[in-house]
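# Structural description and commentary
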Amino acid sequence: MPGFDDIIGHDWIKEHYQRAIRQKKISHAYILSGEKGMGKKSLAYAFSLSLFCQQKEDKPCLCCPACKKILSNNHPDLIKVSHEKVSSIGVDDIREQINDTILIMPYSSSYKIYIVDEAEKMTVQAQNALLKTMEEPPGYAILFLLTTNPELFLPTILSRCVHLKLKPLKDSEIKKYLTKTLKISEDRADIYSTFARGNLGKAISIASSESFQVFYEEMMQLMKSIHSIDISEILEYIRKWKEEKTDIQECLNFIQMWYRDVLILKTTQKRELLIFKEEYAAIKIIGEKSNYIWLGKILDSINEAQMRLNSNVNMELALELMLLAMKEG
């Protein structure tokens, strides 16, 4: 559970919270929105640490009794709202855990903070119940709604919250964390940060995921052999992806990155610009055998496959057309 200094990126949100603490202008309700793994919970806890810290500064000391209670998940005035149902947060969850307790004064601090993770799962009835509390909150109460989809909130909820949207991190920031903190090689860190698309949590998950490593090796084998295997083998790949419910968008991203590397190396001859640096030799061979017109057609076929899938065209057909176009080259 980090303080502000331990959170990678999101500087403008950290500055917003620290300024609010210095100026003593704390809002009663915040929405933190962004993909899973981007750091919503870390930011909410870092702000809570700063508010509860007995040093009374805009950064938590992490050493006082209040900080230690939060770090050990044992602070009575920091409440994480839970829900039994996986798919929804019901009206009873909100009433029992927030509405029925919010008027009880804080036990040991100046604030009482509620954190609702996956808040987009609140039913309309639950949101309406929460709205009654938000309309006249006690001065010490602060509510965090953490969400991947703020569009599911009622307009009346949105209008009563300060909405802070997390932005993707730079690949360089993620790569630095992976190499410095997790001691991952630079070549692998390049791959993980590219696939994470600005999401540090996703990059960390990918780096330790056996399933991603299997996916990576299978896709790499396909890319290296696509021009020599027969049609039945191509169809077998598609069948396997369907059976195993593989993320087809990730497959397309991988293929796009591969041919992006082929094009970059053919154009610049610079290994350091590649995503798949470990496959320099294979990429170089394909580039030498390819012309720019064909590479352009390949990238177009990938874009067409993505558009077909977005238009709910049959998945097998969209992939078959794309892979056959690649093979014909």
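In this report, we go over the structure that sits alongside the text.

## Here's the deal with the packing of aromatic side chains
Aromatic rings in a pair are described by how distant their centres are and how their planes are angled relative to each other. If you walk through the whole model with that rule in mind, you get 19 aromatic pairs. For the pair Tyr-17 and Phe-144, a centre-to-centre distance of 6.2 Å together with 80 degrees between the ring planes defines the contact as edge-to-face. Taken as a pair, Tyr-17 in helix 1 (residues 11-23) and Phe-144 in strand 4 (residues 141-147) lie far apart in primary sequence, 127 residues in all. You'll find Tyr-17 and Phe-144 in the same group, each marked buried. Within the aromatic cluster, the residues linked to one another by ring pairs are Tyr-192, Phe-195, Phe-212, Phe-215, Tyr-216, Phe-254, Trp-258 and Phe-276. Taking NZ or CZ as reference, Arg-188 lies 4.6 Å from the ring centre of Tyr-216, over its face. Against the face of Tyr-292 rests Lys-266, its NZ or CZ located 5.3 Å from the ring centre.

## Regarding the nonpolar core
Ranked by size, the top nonpolar core spans 51 residues in total, and within it Tyr-259, Phe-276 and Leu-323 carry the most contacts. Per-element accounting of this core gives the leading share, ten residues, to helix 12 (residues 248-268). Non-local contacts of Phe-276, meaning those with residues more than four positions away in its chain, are made with Ile-191, Phe-195, Tyr-216, Met-220, Phe-254, Met-257, Trp-258, Asp-261 and Ile-283. Ala-46, Phe-52, Leu-78 and Ile-113 belong to the second-largest nonpolar core, a separate cluster that totals 29 residues.

## Quick word on helix 14 (residues 292-310)
When the terminal C-alpha atoms of helix 14 are compared, their 27 Å separation across 19 residues agrees well with the 27 Å that a helix rising 1.5 Å per residue should span. Regarding helix 14, the residues found buried are Trp-294, Leu-295, Ile-298, Leu-299, Ser-301, Ile-302, Ala-305 and Gln-306. Axial view of helix 14: buried residues confined to an arc of 150 degrees, hence all on one face. Exposed positions of helix 14 whose direction lies more than 90 degrees from the buried face are Ile-293, Lys-297, Met-307 and Asn-310. Regarding helix 14, its N-cap is Asn-291, as a side-chain oxygen of that residue lies 3.2 Å from the backbone nitrogen of Ile-293 further along. The first or second residue beyond helix 14 is Asn-312, which carries a positive phi of 65 degrees.

## Focus: the pairing of strand 4
With seven of its seven residues buried, strand 4 lies for the most part within the structure. The side-chain alternation of strand 4 yields two buried faces, one formed by Ala-141, Leu-143, Leu-145 and Thr-147 and the other by Ile-142, Phe-144 and Leu-146. Bridge count for strand 3 (residues 112-116) against strand 4 is five bridges, and the pairing is parallel. By the bridge assignment, Ile-115 is partnered in strand 4 with Phe-144. Traced from strand 3 through helix 5 (residues 124-135) to strand 4, the parallel crossover comes out right-handed.

## Re the layout of surface pockets
Roughly 520 Å³ of internal volume is contained in the largest pocket. In terms of lining, the largest pocket is formed by 23 residues, of which the most central are Gly-37, Met-38, Gly-39, Lys-40 and Lys-41. Of all the secondary structure elements, the ones that give two or more residues to the lining of the largest pocket are helix 2 (40-52), strand 4 and helix 9 (200-207). The class makeup of the residues in the lining of the largest pocket is nine nonpolar, seven polar and seven charged. The computed volume of the second largest pocket comes to approximately 250 Å³. If you trace the second largest pocket, you find 14 residues lining it, with Ile-21, Lys-24, Leu-51, Lys-56 and Tyr-111 closest to the centre. Counting only elements with at least two residues in the lining of the second largest pocket, the list comes to helix 1 and helix 2. Among the elements that line the lining of the second largest pocket, the one with the most residues is helix 1, at three residues. Looking at the lining of the second largest pocket, its residues break down into six nonpolar, two polar and six charged.

## A short note on the pairing of strand 1 (residues 29-33)
The two faces of the sheet receive side chains in turn, since in a regular strand these alternate between them. Burial of strand 1 is extensive: five of the five residues sit out of reach of the surface. Across the two faces of strand 1 the burial is the same, with Ala-29, Ile-31 and Ser-33 and Tyr-30 and Leu-32 all buried.

## As for a nonpolar patch on the surface
Taken together, the side chains of Val-313, Leu-317 and Leu-321 make up a nonpolar region of the molecular surface, amounting to roughly 220 Å² of accessible area. By the secondary structure assignment, Leu-321 is in helix 15 (residues 315-328). By relative accessible area, which is 41% here, Leu-321 ends up partly exposed.

Thresholds, definitions, all that
Residues numbered from 1 in each chain as written. Predicted model: local features only at pLDDT ≥ 70, side-chain atom pairs only at ≥ 80, totals over all residues. Heavy atoms only, no water. Phe/Tyr/Trp six-rings, centres within 6.5 Å; stacked < 30°, edge-to-face > 60°. Helix = DSSP H or I, 4+ residues; strand = E, 2+ residues; numbered from the N terminus. Buried < 20%, exposed > 50% of the residue type's maximum accessible area, 1.4 Å probe, protein only. Lys NZ or Arg CZ within 6 Å of the ring centre and 35° of its normal. Core = buried A, V, L, I, M, F, W, Y, C linked by side-chain atoms within 4.5 Å. Contact = heavy atoms within 4.5 Å. Expected span 1.5 Å × (residues − 1). Arc of directions from axis to C-beta. Polar contact = N/O pair within 3.5 Å; in protein donor to acceptor, adjacent residues only side chain to side chain. Pairing = 2+ DSSP bridges. Right-handed = clockwise from strand over helix to strand, strands pointing away. 1 Å grid on protein atoms, 1.4 Å probe; cavity = no way out; pocket = protein on both sides within 12 Å on 5 of 7 lines; lining within 4 Å. Points joined across faces, edges and corners; volume = space filled by probe spheres on them. Nonpolar A, V, L, I, M, F, W, Y, C, P; charged D, E, K, R; others polar. Patch = residues over 30% accessible without salt bridge, like charges linked within 9 Å, V, L, I, M, F, W, Y side chains within 5 Å. Areas by Shrake-Rupley, 256 points an atom, 1.4 Å probe, with all protein chains shown as cover. Salt bridge = Lys/Arg side-chain N within 4 Å of Asp/Glu carboxyl O.

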